[in-house]
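Chain by chain, the residues run as shown.
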Amino acid sequence: MVQDNGRALVPVATELTGTPPVPDGQVDLPRLVAAAAFGLAVEAQRRSWDAAADVMGRFGRPLRALAGPAVAVARGSVAVARHHLDLDGWAARGRAEQRRAQEAAAGAVRALIAGVAAAVIEAIDLDEVMARVDLDRIVQRVDIDAIAGRIDLDAIVQRIDIDAIAGRIDLDAIVQRVDVDAIAARIDLDSVVARVDIEAILARVDLPGITEQVIDEVDLGEIIRESSSTMASETVDALRVQGMRVDGLVSRIVDGILRREGQRQTGPLPDDPQP
Amino acid sequence: MTRESRYAEARALQGHRAGFASRVVADLIDLGVAWLLGLSALVAGGVIIYLVTGPPFHLPVLPNWLDAGAGGVVAVVYLTFTWAATGRSVGKQIVGLRVVTEGGHRLPLWRSFVRAVLYVFFPVGLLWILASRRNASVQDLVVRTVVLYDWAYHPADEPPRSSARP
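Worth saying up front: this structure is predicted, and the values here are computed from it rather than measured.

> Looking at this model, I keep getting lost on the overall build of chain A. Mind explaining?
Regarding its fold elements, chain A presents 14 helices and 0 strands. Along chain A, helices and strands appear, N-terminal first, in the series α-α-α-α-α-α-α-α-α-α-α-α-α-α. The buried share of chain A, taken over its 275 residues, is 3%.

Right, dumping it as structure tokens:
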């Protein structure tokens, strides 16, 4: 396991690229030497790992057999050491120091990432990026029908609580804001009226039917009867009054001829006449 | 003459004894009504004869003695019943008169009958209205009746009110 991990971490010779060329064509000797030393060290580590692996393959089993008593001795001595040398306390201190170092490293990494991100954002010219984006092509790729097909409008509408929405709306406040006079002033009534096709409206109206209804409602017969009976009654009353006058006139003439004194006794009958 | 003044004048005279002119007009109208009744009776008789004997249709021709008598009978019957019923025949209704007893009550049938007979067979008795201080005809004196101005509609037994419409 350790060998595999180590091998994976160590670059092989074929992965190494050459020294980056200096812009003016000259060779940077110190960097070349340092790189070569690093390469040698890496290669030496790889080979020593390989050699160790061979050794472990060949002498592993006898060594493990021999190591058993040694490990037991070592464990006993470790227990003694733990007891007398306060190994646990040192280990705790070591772990604390390790955690601190990890936190410091994480903080450093975070700061580095923030710095890099800020630098990247500064370097990026968003206008230029947007200029490169071909929105038309993107939109062409979008299948709006498919998106619309996926949307379940019924479910959305069912979730909407229209009563609650309506309850929130303050219609009075809205109506108070509306300036009806201004709206009325904007309406061009002449143009509205000019659009109205009065003849078409009249053609729809059932004038004969309406007229018949009105005539049915108005009792013409009753009106005629009333007026004619009033006229007849007035005529009869006039005739009666004329008769009364002529009566008086005739009586006076006759009384004059007969040379009578005083009025005739034509008064009303007594209320309680003698039998 | 305005309507109001006319009515005021008429109202003042309600319940008073009617004069000669009004009563003659009413009696002339009654004469016409009686004539129409007689004619109707003749037409009815003609129709019956037509139904029984067949065409041609013609009014029955009465003998002279029966003709005069029948006319009188029709008039007497007509006047008797109208006076006894409401105190006013058609003519008196139109002119606004009512026949009552001297006590102001509805005529009994027999007095109404006597008065009608006197009316039909002794019409000259009406002329006495001119001379009478109480506007009474001979018939009124005999049967003791009175003819009043009475426009209002009311039961004949009630005395006439002293008010006219409206």
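> Would you mind going over the interface of chain A and chain B with me for this structure?
The figure often quoted for interface size is the accessible area lost as the parts come together. Taken together, the contacts link 19 residues of chain A with 29 residues of chain B. In terms of residue class, the side of chain A that touches chain B is made up of 9 nonpolar, 6 polar and 4 charged.

> Explanation requested: unusual backbone geometry in the structure shown.
Residues and elements named next belong to chain B. Cis rather than trans, the peptide bond between P55 and P56 has omega equal to 0°. The topology assignment puts P56 in the loop between α2 (20-53) and α3 (64-85). The phi dihedral of N135 falls on the positive side, at around 55°, and the residue is not glycine. Its identity as a non-glycine residue notwithstanding, R144 has a phi of 60°, on the positive side. Assignment of secondary structure puts R144 in the loop between α7 (138-143) and β2 (145-149). Given 13 C-beta atoms within a 10 Å radius, R144 is considered partly exposed.

> Whenever I open this one, α3 of chain B confuses me. Can you help?
Three or four residues apart is the spacing at which side chains of an α-helix point the same way, because the helix has 3.6 residues per turn. Residue and element names in this part refer to chain B. Between the first and last C-alpha of α3 there are 32 Å, a value that for 22 residues agrees with the 32 Å anticipated at 1.5 Å per step. Among all positions in α3, only V74, A75, V76, Y78, L79, T80, T82, W83 and A84 are buried. Buried residues along α3 sit in contact with α2, β1 (97-101) and α5 (109-121). G87 sits one or two residues past α3 and shows a positive phi near 85°.

Cut-offs and rules
Residues numbered from 1 in each chain as written. Chains lettered and ligands numbered in written order. Predicted model: local features only at pLDDT ≥ 70, side-chain atom pairs only at ≥ 80, totals over all residues. Helix = DSSP H or I, 4+ residues; strand = E, 2+ residues; numbered from the N terminus. Buried ≥ 20, exposed ≤ 12 C-beta atoms within 10 Å, placed from the backbone. Contact = placed C-beta atoms within 7 Å. Nonpolar A, V, L, I, M, F, W, Y, C, P; charged D, E, K, R; others polar. Expected span 1.5 Å × (residues − 1).

This is a description of form; function is not addressed.
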